[in-house]
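# Overview (structure and organization)
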Amino acid sequence: MSEDPLKTLSDQITEAHTKIQQSHQHINPVVEVRRGLRDTGIPADVMTVDCLRTRRRIMLILHDGEPGILLYQFASLDEEADDEFQRKSLSEMGVDVLFDWMQDYFSDSPKLKNH
C-alpha cells in the first residue's frame, strides 16, 4: 500500500473501471473524486462510483480519523447517503474487490446491499 491511500484507491478503481468496461459495456460507471469535504473542515476524501443506467452509487470514504480503513456504502443516486457505512481494511481492498462490487451492485439484479 503506498503512502497516499487516495492515490492507491484511485489507481485500483481506475483499473477496476477498465475491466468493467471491457466485460460489461452496459454498466459503464462514472467515477468521481471529491475533495470538497476538506474545504468545509471535514478531514476526508470521498470517491463515488455511479451507474447512471441503474441509478446506483458506491460511495467510498477515506477519513483521516480512521487511517487504514475504507468506509463504504451502497446507495442510490436518488436518495441521500445515510450515516451507516461499512468498514474494510485498505489492505483488503484491491482491483478484484472493486470490480466485484461494481459488477454485482450495478447489475439489473444487485447481489449486494451493504456487503
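The structure displayed is predicted, hence computed values, not measured ones. (Residues numbered from 1 in each chain as written. Predicted model: local features only at pLDDT ≥ 70, side-chain atom pairs only at ≥ 80, totals over all residues. Heavy atoms only, no water.)

### Describing the confidence of the model for the protein chain
Interpreting fine coordinate detail is not advised for predicted regions of low pLDDT. Averaged over every residue, the pLDDT of the protein chain is 90; residues scoring 70 or more account for 93%. By mean pLDDT, helix 2 (residues 36-39) is the weakest element of the protein chain at 86, and strand 5 (residues 86-89) is the strongest at 97. (pLDDT = per-residue confidence, 0-100. Helix = DSSP H or I, 4+ residues; strand = E, 2+ residues; numbered from the N terminus.)

### Description of the pattern of salt bridges
Applying the stated rule across the entire model yields nine salt bridges. The shortest N-O distance in the salt bridge between Lys19 and Asp96 comes to 3.2 Å. Residue Lys19 is located in helix 1 (residues 5-23), and its partner Asp96 is located in helix 3 (residues 95-105); the two are separated by 77 residues in the primary sequence. You can call Lys19 partly exposed: its relative accessible area is 30%. For Asp96, a relative accessible area of 51% corresponds to the exposed category. Overlapping salt bridges bring together Arg35, Arg38, Asp45 and Asp64 as one network. (Salt bridge = Lys/Arg side-chain N within 4 Å of Asp/Glu carboxyl O. Buried < 20%, exposed > 50% of the residue type's maximum accessible area, 1.4 Å probe, protein only.)

### Focus: the environment of Ile13
Checked against the element boundaries, Ile13 lands in helix 1. Between the C-alpha atom of Ile13 and that of Val97, which follows or precedes it by 84 residues, the distance is 9.7 Å. When near neighbours in sequence (up to four residues on either side) are disregarded, Ile13 contacts Val31, Met47, Val49, Leu60, Leu98 and Met102. (Contact = heavy atoms within 4.5 Å.)

### Considering unusual backbone geometry
Leaving glycine aside, a negative phi is the common case for residues, and trans is the common case for peptide bonds. Of note, Asn28 is a non-glycine position whose phi angle comes to about 40°, a positive value. Along the chain, the position of Asn28 falls in the loop between helix 1 and strand 1 (30-34). Although it is not a glycine, Arg55 sits at a positive phi angle of roughly 60°. Note on placement: Arg55 falls in the loop between strand 2 (44-51) and strand 3 (56-63).

### Examining the nonpolar core
Counting 24 residues, the largest nonpolar core has Ile58, Leu60, Leu70, Leu98, Trp101, Met102 and Phe106 as the members making the most contacts within it. If you list the elements that add at least two residues to this core, you get helix 1, strand 2, strand 3, strand 4 (69-76) and helix 3. Residue contributions to this core peak at six residues, all from helix 3. Each residue touching Leu60, except ones within four places of it in the same chain, is listed here: Leu9, Ile13, Asp45, Val46, Met47, Leu70, Leu71, Tyr72, Leu98 and Trp101. Core analysis: the second largest hydrophobic core is formed by six residues, Val46, Met59, Ile61 and Leu71 among them. (Core = buried A, V, L, I, M, F, W, Y, C linked by side-chain atoms within 4.5 Å.)

### Brief notes about the side chain of Thr54
Relative to the helices and strands, Thr54 is located in the loop between strand 2 and strand 3. Its relative accessible area of 15% is what places Thr54 among the buried residues.

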